[in-house]
Amino acid sequence: MASNSLTSSRSSSSFWTTKQNKMFEKALAKYDQDTPDRWHNIAKVVGGKSAEEVKLHYEILLRDLKDIESGRYPYPYPSGSSN
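These numbers were taken from a predicted model, which means no experiment stands behind them.

Rules behind the numbers
- Residues numbered from 1 in each chain as written.
- Predicted model: local features only at pLDDT ≥ 70, side-chain atom pairs only at ≥ 80, totals over all residues.
- Heavy atoms only, no water.
- pLDDT = per-residue confidence, 0-100.
- Helix = DSSP H or I, 4+ residues; strand = E, 2+ residues; numbered from the N terminus.
- Contact = heavy atoms within 4.5 Å.
- Buried < 20%, exposed > 50% of the residue type's maximum accessible area, 1.4 Å probe, protein only.
- Axes fitted to C-alpha atoms, helices over the stretch in contact; angles between N-to-C directions.
- Parallel < 35°, antiparallel > 145°, perpendicular 65-115°, else oblique.
- Nonpolar A, V, L, I, M, F, W, Y, C, P; charged D, E, K, R; others polar.
- Expected span 1.5 Å × (residues − 1).
- Arc of directions from axis to C-beta.
- Salt bridge = Lys/Arg side-chain N within 4 Å of Asp/Glu carboxyl O.

Asker: What is the right way to read the confidence of the model for the protein from this model?
Answerer: Detailed reading of predicted coordinates is not advised where the pLDDT is low. For the protein, the average pLDDT comes to 82, and 75% of its residues sit at 70 or higher. When mean pLDDT is compared element by element in the protein, helix 3 (residues 38-46) scores highest at 98, while helix 1 (residues 2-12) scores lowest at 43. Confidence drops under pLDDT 50 across residues 1-12; counting only partners more than four residues distant or on other chains, this segment forms 13 contacts.

Structure follows, in structure tokens:
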């Protein structure tokens, strides 16, 4: 059921291009959690996104990371694989 809510969260947010995601990553590194107006600053760097969309994108990223780290999603390659 949790994956359904995650899927619905993703589908309700706007589409992000590869370039926007890369800019988002760089902006997160530049504007840490103590930066005033963090989400507005990141939105300016990303372009075409509101502060609210950027914050939602970040929250989805955190949720995904938490699920991966908890073992909810298996690593893509079996252990001992040569890939």
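Asker: I keep staring at unusual backbone geometry and nothing clicks. Help me out?
Answerer: Even without being glycine, Asp37 reaches a positive phi, approximately 55°. Among the structural elements, Asp37 can be located in the loop between helix 2 (18-30) and helix 3. By relative accessible area, which is 54% here, Asp37 ends up exposed.

Asker: Teacher, can you tell me more about the packing of helix 2 against helix 4 (residues 51-69) here?
Answerer: Look at helix 2 against helix 4: their axes get within 12 Å of each other, and the N-to-C directions meet at 85°. The pairing of helix 2 with helix 4 is recorded here as roughly perpendicular in orientation. Judged by residue contacts, Asn21, Phe24 and Leu28 of helix 2 engage Val54, His57, Tyr58 and Leu61 from helix 4. A breakdown of the residues in the contact of helix 2 with helix 4 according to their chemical character gives five nonpolar, two polar and no charged.

Asker: It is not clear to me how the environment of Gly48 should be interpreted in this structure. Could you clarify?
Answerer: Along the chain, the position of Gly48 falls in the loop between helix 3 and helix 4. Judged by relative accessible area, Gly48 falls into the exposed class, the value being 74%. Spatially, the C-alpha atom of Gly48 lies 8.6 Å from that of Gln20, the residues being 28 residues apart in sequence. The contacts of Gly48, once residues within four sequence positions are left out, are Gln20 and Glu53.

Asker: What exactly am I supposed to notice about helix 2 here?
Answerer: In an α-helix, one full turn covers 3.6 residues, which means residues spaced three or four apart are oriented alike. Between its terminal C-alpha atoms helix 2 stretches 19 Å, which fits the 18 Å expected from 13 residues at 1.5 Å a residue. All buried positions along helix 2 are accounted for by Gln20, Phe24, Ala27 and Leu28. Taken around the axis of helix 2, the buried residues stretch over an arc of 105°, which confines them to a single face. Within helix 2, the exposed residues directed more than 90 degrees away from the buried face are Thr18, Lys19, Lys26, Ala29 and Lys30. Buried positions along helix 2 lie against helix 3 and helix 4.

Asker: Which parts of the structure should I look at to understand the pattern of salt bridges?
Answerer: Here the idea is simple: oppositely charged side chains can pair when their charged atoms come close. A full pass over the atoms with the stated rule returns two salt bridges. Taking the shortest distance from any N to any O, the salt bridge between Lys22 and Glu25 comes out at 3.4 Å. Placement of both Lys22 and Glu25 in helix 2 is noted, with a separation of three residues, approximately one turn of the helix. Under the relative-accessibility criterion, Lys22 is labelled partly exposed at 44%. As a salt-bridge pair, Arg72 and Asp67 come within 3.8 Å of each other at their nearest N and O atoms. Residue Arg72 is classed as partly exposed on the basis of its relative accessible area of 41%.

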